[in-house]
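The primary structure of each chain is shown beneath.
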Amino acid sequence: MKGEHLDQTSGITELNRKNARQMLGEFCSYLSEKNPKYNWVGIYALKSNKLILENYVGKPTVHEEINIGEGLCSQAIVQNRIVNEPDVNSNSQYLACSLETRSEVVVPVRYKGIPVGEIDIDSDTKGAFTKDDEEFLSTLSELIAYYVKILSD
Ligand code: SME
């Protein structure tokens, strides 16, 4: 491909990534506004064996990048399942984001069955996440899979 065309291709790819990140930000805002117990809502994309925080609503976190192997966030990817921790302070794997957090749910986002990222939600309430939340968030994870996939490439 000619140099100029190559430039344009990467320009459009960057545009796609920007739009995907923005859409996921709106997704986080919508979820946190509708669900008062969802105190921090974020989306991580899996990239080169790291989880990269692409967008979130809530207090800033030091965990903008998480190496696979660390935290509850990694467990959801490695085990390809929902991690629902009713009491984060009792779990030695937990990486603290905010001192107020009491419970956390991490839902893998899969593209063609393979995890490409995750929805991560913290609550200041102990045991905040029910089976109903798990089902609801699994459904949503399918709806955003395309956008997370774009960011995980
Ligand atoms: N608690 C997560 C880290 C991310 S923060 O919740 C934003 C974990 O244990 O992996």
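Conventions adopted
- Residues numbered from 1 in each chain as written.
- Predicted model: local features only at pLDDT ≥ 70, side-chain atom pairs only at ≥ 80, totals over all residues.
- Heavy atoms only, no water.
- Pairing = 2+ DSSP bridges.
- Helix = DSSP H or I, 4+ residues; strand = E, 2+ residues; numbered from the N terminus.
- Axes fitted to C-alpha atoms, helices over the stretch in contact; angles between N-to-C directions.
- Contact = heavy atoms within 4.5 Å.
- Buried < 20%, exposed > 50% of the residue type's maximum accessible area, 1.4 Å probe, protein only.
- Near = heavy atom within 4 Å.
- Polar contact = N/O pair within 3.5 Å; in protein donor to acceptor, adjacent residues only side chain to side chain.
- Areas by Shrake-Rupley, 256 points an atom, 1.4 Å probe, with all protein chains shown as cover.
- Nonpolar A, V, L, I, M, F, W, Y, C, P; charged D, E, K, R; others polar.
- Core = buried A, V, L, I, M, F, W, Y, C linked by side-chain atoms within 4.5 Å.

J.: What is the right way to look at the sheet that holds strand β1 (residues 40–47) in this model?
T.: In a beta sheet, neighbouring strands pair by backbone hydrogen bonds and run either parallel or antiparallel. An order of β3-β2-β1-β6-β5-β4 is seen for the six strands of this open sheet, with the pairing classed as antiparallel. In the strand order of this sheet, the two ends are held by β3 (65–67) and β4 (83–85), each with one partner. The mean angle between the axes of side-by-side strands here comes to 20 degrees, regardless of whether they run parallel or antiparallel. Where β1 meets strand β2 (residues 50–57), seven bridges bridge the pair, whose relative direction is antiparallel. From the neighbouring strand, K47 faces β2, where its bridge partner is K50. Along the sheet, helix α3 (residues 131–152) contacts β1, β2, β4, β5 (103–111) and β6 (114–123); its crossing angle with β5, the most-contacted strand, is approximately 55 degrees.

J.: Would you mind showing me how to read the environment of L53 here?
T.: Examined against the element boundaries, L53 turns out to sit in strand β2. L53 gets classed as buried once you look at its relative accessible area, which sits at 13%. Taking C-alpha positions, L53 is 7.0 Å from G42, a pair spaced 11 residues apart along the chain.

J.: Which parts of the structure should I look at to understand the site of the ligand?
T.: Surrounding the ligand, one finds 13 residues, the nearest of these being L72, C73, L95, C97 and E104. Contact distances for the ligand include 2.8 Å between a nitrogen atom and a side-chain N or O atom of E104. Look at the ligand: alone it shows 300 Å² of surface, and the protein chains cover 100% of it. Broken down by secondary-structure element, the contributors of at least two residues to the shell around the ligand are β1, α2 (71–78) and β6. Of the residues assigned to the shell around the ligand, the class counts are eight nonpolar, two polar and three charged.

J.: Just to check I follow, could you spell out the pairing of β2 for this structure?
T.: A regular strand places its side chains on the two faces of the sheet in alternate fashion. Linking β1 to β2, which pair antiparallel, is a turn of two residues; within it S48 sits at a positive phi near 45 degrees. The pairing of β2 with β3 spans three bridges and is antiparallel. Residue pairing in the sheet places K50 in a bridge with N67 of β3.

J.: Would you mind going over the nonpolar core with me for this structure?
T.: One recurring pattern in soluble globular proteins: nonpolar side chains tend to sit buried together. The biggest cluster of nonpolar side chains holds 24 residues, and the ones touching the most others in it are L31, I43, I119, I121, L137, I144 and V148. Among the secondary structure elements, those contributing two or more residues to this core are α1 (3–34), β1, β5, β6 and α3. Of all the elements, α3 adds the most residues to this core, at seven residues. Ignoring anything within four residues of it in the chain, the contact list for V148 reads L24, I43, Y44, A45, V109, V116 and G117. The next biggest cluster of nonpolar side chains, apart from the first, holds 14 residues, and it includes Y44, I66, C73 and I77.

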